[in-house]
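Chain and residue survey
If you want the building blocks of each chain, they are given just below.
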Amino acid sequence: MNILDGKHVSEKIKLEIADQAAAFLHDAGRKPHLVAILVGNDGGSETYVASKMKNCEKVGFQSSLYRFDTTVSENELLDKVREINADPGVDGLIVQLPLPKHIDPEKVTEAIDPKKDVDGFHPINLGRMVRNLPCYLPATPYGILLMLQAYNIDTAGKHCVVVGRSNIVGMPMSILMARNANPGNCTVTLTHSKTRDLKEQVLQADVIVAAIGKKNFITADMVKPGAVVIDVGINREVSDQTKSGYKLYGDVDFENVAPKSSYITPVPGGVGLMTIVGLLKNTLASARKEIYG
Ligand SMILES: Nc1nc2c(c(=O)[nH]1)N[C@@H](CN(C=O)c1ccc(C(=O)N[C@@H](CCC(=O)O)C(=O)O)cc1)CN2
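A quick note: this is a predicted structure, and the numbers were derived from the prediction, not measured. (Residues numbered from 1 in each chain as written. Predicted model: local features only at pLDDT ≥ 70, side-chain atom pairs only at ≥ 80, totals over all residues. Heavy atoms only, no water.)

With that out of the way, let us pick up helix α5 (residues 123-130). Here α5 has its buried residues at N125, L126 and M129. Considered in projection along α5, the buried side chains sweep an arc of 100° and stay on one side of the axis. Against the buried residues of α5 lie α7 (170-178). With its phi angle positive at about 60°, N132 sits one or two positions after the end of α5. (Buried < 20%, exposed > 50% of the residue type's maximum accessible area, 1.4 Å probe, protein only. Helix = DSSP H or I, 4+ residues; strand = E, 2+ residues; numbered from the N terminus. Arc of directions from axis to C-beta. Contact = heavy atoms within 4.5 Å.)

As a further point, take the packing of aromatic side chains. This structure, assessed with the given rule, holds 2 aromatic pairs. Lying over the aromatic face of Y249, K215 brings its terminal NZ or CZ to 4.1 Å of the ring centre. Here the guanidinium or amino end of K247 rests over the ring plane of Y249, the centre of that ring lying 5.1 Å away. (Phe/Tyr/Trp six-rings, centres within 6.5 Å; stacked < 30°, edge-to-face > 60°. Lys NZ or Arg CZ within 6 Å of the ring centre and 35° of its normal.)

A few words now on the site of the ligand. The ligand sits among 19 residues. The nearest are K52, V95, D119, Y246 and G269. Take V95: an N or O atom from its main chain is 2.9 Å from a nitrogen atom of the ligand. At 2.9 Å, a side-chain N or O of Y246 approaches an oxygen atom of the ligand. Compared with its free state, where it exposes 690 Å², the ligand has 86% of that area covered by protein. Among the secondary structure elements, those contributing two or more residues to the shell around the ligand are α2 (43-59), β10 (246-249) and α10 (271-287). (Near = heavy atom within 4 Å. Polar contact = N/O pair within 3.5 Å; in protein donor to acceptor, adjacent residues only side chain to side chain. Areas by Shrake-Rupley, 256 points an atom, 1.4 Å probe, with all protein chains shown as cover.)

Below you can see the structure in the form of structure tokens.
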């Protein structure tokens, strides 16, 4: 069993990004600029946005954060998105999810200029992804591809079973793993809450992508020996045993699945860290006008 070490890989890629950001500053006279919008004070969202801002600073990007109270109206939020769209000094704009119930995430996502949509959630970027055209890939799937690449894991001809069909992970991941690309070229099964015989489906997998949002959902009896196991789950539980006051669990029962796997991502220290790298790479690509010119 080999650990897919998100800390090691993400730090290595961030050094490359920092070099490219320095070159961009030299040529363009400014830093790549990411803007984040955070609504409310969900503990997880606070942590992830703080980490995005900190990592921007680390690689030499400018970052700005706009915070709104949970009571912000949908229109107020849309106005801010339009204002940032129109600012030529901003390369990337993300709105941290989830949003409060009274705000339609689809409306907000569609309001973001696709050229600044460095989360890769806008239907234009998703459509371009499906057609294998230049686009911003959603940050978490992009991070997973970078991880597979970093460890030279050959996925061609393999059976990939994705568990979970969310718009931000499961659905795009299933498309990316089926594409004629490397990593990719898999036969893909996309499973979800209505899938029958889920255990039998997952047992067929050479590559498992677990993105269901349930602690330790994938157990050892569901995993074929030698499978590559990618755990996207971040399930927080309050704990007085840790400094942060919470403990993180993946969607995979790591302790019992790891010995059966060929490669496996830990939680924390795996896919989450690669998500940030995906976002930074998209922001740099936007500054350098690599996708839309
Ligand atoms: N606008 C977006 N919202 C959300 C996204 C997204 O890509 N764009 N994805 C998730 C959360 N997420 C990014 O925002 C994210 C999750 C986890 C991590 C991370 O670094 N995890 C660490 C542990 C951090 C901790 O202590 O909690 C790890 O796994 O080691 C970064 C980003 C939902 N919303």
